Amino acid sequence: MPSVKYQRGEMVMGRWPGSSLYYEVKVLGYDTKSQLYTVIYKDGTELELKEQDIRNIAGFQTRSRSRSRSRSPGRRRSRSRSPARTTRRSSSRTAAAVAAAAIMESAPSSRRDAKLKDTLEVRLSPLVSARAFESKVEAEPELNQGRYNLRRRKEDGDAKPVETKPEQLEEKDAKVAAAAPANLSTPLDFGGKIGAYFWLLFLPAWVLFVVLQGDLEDPSLVNFPPPLPPLEEFWDAQALGFVILWVLLQALLYILPFGKLSEGMPLSSGERLKYRTNGFFAITVSALAAAAAVYLGVDLTYIHSHFLQLATATFLISVLLSAYLYVHSCYAEPAQLALGGNSGNVVYDFFKGRELNPRIKNFDLKFFCEMRPGLIGWCLINFAMALAEMKEQRLDAPSYSMILVNLFQLLYVVDGLWNEEAILTTMDLMHDGFGFMLAFGDLVWVPFTYTLQAYYLVSHPNPLIPSLSLCLLVVGFYIFRKSNSEKNAFRRNPSDPKLSHLKTIPTATGKSLLVSGWWGVVRHPNYLGDLIMALAWSLPCGFSHLLPWYYMIYFIILLVHRDSRDMSECRRKYGSAWDEYCRTVRYRIIPRVY
Ligand SMILES: NC(=O)C1=CN([C@@H]2O[C@H](COP(=O)(O)OP(=O)(O)OC[C@H]3O[C@@H](n4cnc5c(N)ncnc54)[C@H](OP(=O)(O)O)[C@@H]3O)[C@@H](O)[C@H]2O)C=CC1
Ligand SMILES: CC(C)=CCC[C@@H](C)[C@H]1CC=C2C3=C(CC[C@@]21C)[C@@]1(C)CC[C@H](O)C(C)(C)[C@@H]1CC3
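Given the structure is predicted, the values throughout are model-derived calculations rather than measurements.

J.: Sorry if this is basic, but what is going on with the overall build of the protein here?
T.: In terms of regular secondary structure, the protein is built from 22 helices and 11 strands. In the protein, which comprises 594 residues, the proportion classed as buried is 55%. Long-range pairs, those at least 24 residues apart, make up 76% of the contacts in the protein with a sequence separation of at least 6. With the model as given, the accessible surface of the protein reaches about 26,700 Å², and the carbon-plus-sulfur share is 62%.

In structure tokens form, the structure reads like this:
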């Protein structure tokens, strides 16, 4: 490459697109036509950069060292060590800092100067290059024309495992753990823009389908499409009133100053939001209210007889909420936006959700919707279905199948609320924006489709298989709870002495990955437990119809898709360390199968 400033193979500092952060990169080539340099980052990400986005390495090293004393919150975080970790330091900034740096571009200059201090706290210690990184220089890749053209490395989650002990991985990974820059937007999922249109139509249509089918004598796919009731039957003002009252009751219970104030995971700004985790209190009060209502003669079977109208009303609320969330997100600071839901396409972003933690003062809308009205509503509806079954089948007590379904699902919900803090380290809370998908999912999908087994049992009595169901529930619940608690405890305090026996892989972000214990068995042990539980509560519905098995089928699809979303996300965040994890823990959800 004659007459160009930076030569092929040269180590330079490359600016990460949209931010003021510079990372050590190697120049792979220069395209005279587009006047762009192709560079490769330490985690294998290739980008095309303009000359002005590249700097000589020397000046940076002096500058960064002289500033390395002060610590941003994000930086402090990156120093937390897993028990198994040695004294080595991560050589990268946290992804958080990258996002924070992105704001700088739009900040006024005074604020900008202040933030610059933080931004320059990039550790620029000399790094041992990964082999792939070295060899890339040999073969010049074809250059693309885009301004920033991010080529993601091939997903190799299914790569053959290497017989390496986790301790050895740590040693090796520390060398490779290079400055892994965070991407500022993620690829579109759910079928992209076209997919968003599809899901916006399909999801409500599916709820309508199951609500109408569940009541039919023979709920079979052969009955598709089910006979549609006249339009006016969908609407009932009283049903809307009840739904609003229910949401308000849950909101009131949420804001009451009882229960723990838990801290969420650190945000891009380093800030940690606080959440009132009093879900168990909320479900206890709700249960007492339901019992009192029955005692006072309120006919809760109204929920069964007005299931369609209640679903319609809740759907309406979820649409209004999604519209509000979209508008709210337009006034949010860039740092408050989620990585996934900001494609610029209105429909996709409306569906996926733009803002990470929309709040009205301290009232966290996403947390509230995910954990309260729909989840507790699920139990209330199940209870109402048990009463409806007694009424319809003229029974003195609910059937055993109905009792099992009610108890199993109640256990699942109560456990979720008892361990409410653990939700703060899940994908939805940490990564996903809050838009139609989650608003509809939390408010409509959960209460009106997860109750399908109980709804079905009202008019379809079934002989049950209690012992098998019970065994599955116990096994599934044990795996689910243990694995979720293990990860949550580790994320909250990696140095927790109770976890000191676990092996970990350090990553360039400063966070480590568990590679033994439950997270060493498969990559998503919590999904495995959840699926076994789903099987346990589908069995009591018998095999006469497919409809009550819908949850099982949907759940497999949901969790397989979630797993692949999470794989891509973790690969983006953790680069080579994630590959190492995938090579060590070979299976995703079911050991030796998948
Ligand atoms: N009933 C239902 O409808 C649904 C239930 N669920 C349940 O909710 C629970 C939460 O699920 P979900 O949010 O999808 O995912 P997880 O709770 O599994 O969270 C995934 C995150 O965990 C972290 N992580 C992954 N691997 C490791 C590791 N080896 N060591 C340490 N941290 C790791 C990563 O985040 P980071 O590294 O950034 O911390 C990753 O993004 C599950 O039990 C699931 O079954 C989920 C969806 C629907
Ligand atoms: C098809 C569609 C609209 C999907 C949206 C997905 C949501 C329904 C689910 C995403 C993650 C969820 C979780 C739970 C309920 C379903 C949703 C909202 C959860 C609250 C159930 C109870 C568990 O104990 C849990 C707290 C682990 C769980 C968290 C994830």
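So that's the structure; there's more coming.
J.: Quick question: what am I supposed to make of the site of ligand 2 here?
T.: Around ligand 2, the surrounding shell holds 16 residues, and the nearest of these are Glu370, Gly416, Ile423, Asp428 and Asp442. Protein chains bury 88% of the 630 Å² of accessible surface belonging to ligand 2 in isolation. Contributing elements (two or more residues each) for the shell around ligand 2: helix 13 (365-371), helix 15 (400-418) and helix 17 (436-449). Broken down by element, the residue count for the shell around ligand 2 peaks at five residues, all from helix 17. Residue classes in the shell around ligand 2 are distributed as 10 nonpolar, two polar and four charged.

J.: Would you explain the side chain of Ser401 in this entry?
T.: Turning to its location among the elements, Ser401 is positioned in helix 15. On the basis of relative accessibility, which here comes to 1%, the residue Ser401 falls in the buried class. A polar side-chain atom of Ser401 sits 3.2 Å from the main-chain carbonyl oxygen of Pro540.

J.: Sorry if this is basic, but what is going on with the confidence of the model for the protein here?
T.: Interpreting fine coordinate detail is not advised for predicted regions of low pLDDT. Averaged over the protein, the pLDDT score is 77; the fraction of residues at 70 or greater is 75%. The model gives residues 61-184 a pLDDT under 50, and that stretch makes 276 contacts with residues more than four places away or in other chains. Both confidence scores are given for the complex: pTM 0.73, ipTM 0.96.

J.: I would appreciate a short explanation of the site of ligand 1 in the present structure.
T.: With respect to spatial proximity, 29 residues lie near ligand 1, and among them Tyr450, Arg491, Tyr527, Lys573 and Tyr574 are the closest. Here an oxygen atom of ligand 1 and a backbone polar atom of Met427 are 2.7 Å apart. One of the side-chain nitrogen or oxygen atoms of Arg491 is found 2.5 Å away from an oxygen atom of ligand 1. Across the complex, the protein chains shield 93% of the 920 Å² of accessible surface that ligand 1 would expose by itself. Only helix 16 (427-430), helix 19 (466-492), strand 11 (512-514), helix 20 (525-538), helix 21 (550-574) and helix 22 (576-584) provide two or more residues apiece to the shell around ligand 1. Looking at which element gives the most residues to the shell around ligand 1, the answer is helix 21, with eight residues. Broken down by class, the residue content of the shell around ligand 1 amounts to 16 nonpolar, five polar and eight charged.

J.: Help me understand unusual backbone geometry, please; the structure alone is not making it clear to me.
T.: Only a minority of non-glycine residues have a phi that is not negative, and only a minority of peptide bonds are not trans. For Lys361, which is not a glycine, the phi torsion comes out positive at approximately 55°. Structurally, the position occupied by Lys361 is in the loop between strand 8 (359-360) and strand 9 (363-364). Even without glycine at this site, Arg394 takes up a positive phi of about 50°. With respect to the helices and strands, the residue Arg394 is situated in the loop between helix 14 (373-392) and helix 15. Classification of Arg394 by relative accessible area gives exposed; the value is 75%.

J.: How should the packing of helix 15 against helix 20 be read in this particular structure?
T.: The relative placement of two packed helices is expressed as an angle between their axes plus a distance between the axes. Direction vectors running N to C along helix 15 and helix 20 enclose 160°, while the axes themselves pass 9 Å from each other. One element, helix 15, and the other, helix 20, form an angle in the roughly antiparallel class. The two elements helix 15 and helix 20 cross, and the hand of that crossing is left-handed. Contacts between helix 15 and helix 20 involve Val405, Phe408, Gln409 and Tyr412 from the former and Asp530, Met533, Ala536 and Trp537 from the latter.

J.: What is the right way to look at the state of the cysteines in this model?
T.: Think of a disulfide as a covalent bridge from one cysteine sulfur atom to another cysteine sulfur atom. Across all of its chains, the model carries zero disulfides by this definition. Here Cys379 stays unpaired: no disulfide links it, and the sulfur of Cys541, its closest cysteine neighbor, is 16 Å away. Of all cysteine sulfurs, the one in Cys541 lies closest to Cys471, which takes part in no disulfide; the gap is 18 Å.

J.: Explanation requested: the pattern of salt bridges in the structure shown.
T.: When charged atoms on two side chains of opposite charge get close, those side chains can pair. Summed over all chains, the structure comprises 15 salt bridges. Salt-bridge contacts for Asp189 lead to Lys352; the nearest nitrogen and oxygen are separated by 3.3 Å. Of this pair, Asp189 sits in the loop between helix 6 (166-176) and helix 7 (192-214) while Lys352 is found in helix 12 (residues 346-352), placing the two residues 163 residues apart along the sequence. Like Lys352, Asp189 is buried. Through salt bridges with shared partners, one network takes in Lys260, Glu421 and Arg492.

J.: Where do I start with the packing of aromatic side chains in this structure?
T.: Centre-to-centre distance and the angle between the planes together describe a pair of aromatic rings. A full pass over the atoms with the stated rule returns 41 aromatic pairs. Ring geometry for Phe258 versus Phe281: centroids 5.1 Å apart, planes at 65°, classification edge-to-face. Here Phe258, found in the loop between helix 8 (237-255) and strand 6 (260-263), pairs with Phe281, found in helix 9 (residues 279-295); they are 23 residues apart in sequence, far enough to count as distant. Under the relative-accessibility criterion, Phe258 is labelled partly exposed at 43%. Judged by its relative accessible area of 25%, Phe281 is partly exposed.

J.: How should I be thinking about the environment of Pro204 in this particular structure?
T.: Relative to the helices and strands, Pro204 is located in helix 7. Setting aside anything within four residues of it in sequence, one finds Pro204 in contact with Trp199, Phe315, Phe436 and Phe440.

J.: Looking at this structure, how should I read the UniProt feature "transmembrane region" (unreviewed entry) in the protein?
T.: Per the UniProt annotation, the sites labelled "transmembrane region" (unreviewed entry) are residues 194-214, 234-256, 277-295, 307-327, 438-458, 464-480, 501-522 and 534-560. Helix makes up 90% of residues 438-458 and strand 0%, and the two end C-alpha atoms of the span are 29 Å apart. Along residues 534-560 the backbone is 59% helical and 0% strand, and the end-to-end C-alpha distance reaches 14 Å.

J.: Got a minute to help me understand the side chain of Thr507 in this structure?
T.: Of note, Thr507 is situated in the loop between strand 10 (504-506) and strand 11. Exposure remark for Thr507: the relative accessible area of 0% places this residue in the buried category. In terms of polar contacts, Thr507 uses its side chain to reach the backbone carbonyl oxygen of Lys511, at 2.5 Å.

J.: What am I meant to see in a nonpolar patch on the surface here?
T.: Among the surface-exposed residues, Ile556, Val560, Ile590, Val593 and Tyr594 lie close enough to one another that they form a single nonpolar patch of about 390 Å² accessible area. Note on placement: Ile556 falls in helix 21. Given a relative accessible area of 40%, Ile556 falls into the partly exposed group.

J.: When you look at the packing of helix 11 (residues 307-330) against helix 17 in this model, what are you seeing that I'm missing?
T.: One can describe the packing of helix 11 onto helix 17 by two numbers: an axis separation of 8 Å at closest approach and a directional angle of 165°. With respect to helix 17, the element helix 11 is oriented roughly antiparallel. Crossing of helix 11 against helix 17: the hand is right-handed. Between helix 11, through Phe307, Leu310, Ala311, Thr314, Phe315, Ile317, Ser318, Val319, Leu321, Ser322 and Leu325, and helix 17, the contact on the second element is made entirely by Phe436, Ala439, Phe440, Leu443, Val444, Pro447 and Phe448.

So, how was this worked out
Residues numbered from 1 in each chain as written. Chains lettered and ligands numbered in written order. Predicted model: local features only at pLDDT ≥ 70, side-chain atom pairs only at ≥ 80, totals over all residues. Heavy atoms only, no water. Helix = DSSP H or I, 4+ residues; strand = E, 2+ residues; numbered from the N terminus. Buried < 20%, exposed > 50% of the residue type's maximum accessible area, 1.4 Å probe, protein only. Contact = heavy atoms within 4.5 Å. Areas by Shrake-Rupley, 256 points an atom, 1.4 Å probe, with all protein chains shown as cover. Near = heavy atom within 4 Å. Nonpolar A, V, L, I, M, F, W, Y, C, P; charged D, E, K, R; others polar. Polar contact = N/O pair within 3.5 Å; in protein donor to acceptor, adjacent residues only side chain to side chain. pLDDT = per-residue confidence, 0-100. Axes fitted to C-alpha atoms, helices over the stretch in contact; angles between N-to-C directions. Parallel < 35°, antiparallel > 145°, perpendicular 65-115°, else oblique. Left-handed = near helix turned anticlockwise from the far one by under 90°. Disulfide = S-S within 2.5 Å. Salt bridge = Lys/Arg side-chain N within 4 Å of Asp/Glu carboxyl O. Phe/Tyr/Trp six-rings, centres within 6.5 Å; stacked < 30°, edge-to-face > 60°. UniProt positions renumbered as here; feature names shortened; annotations may be inferred. Patch = residues over 30% accessible without salt bridge, like charges linked within 9 Å, V, L, I, M, F, W, Y side chains within 5 Å.

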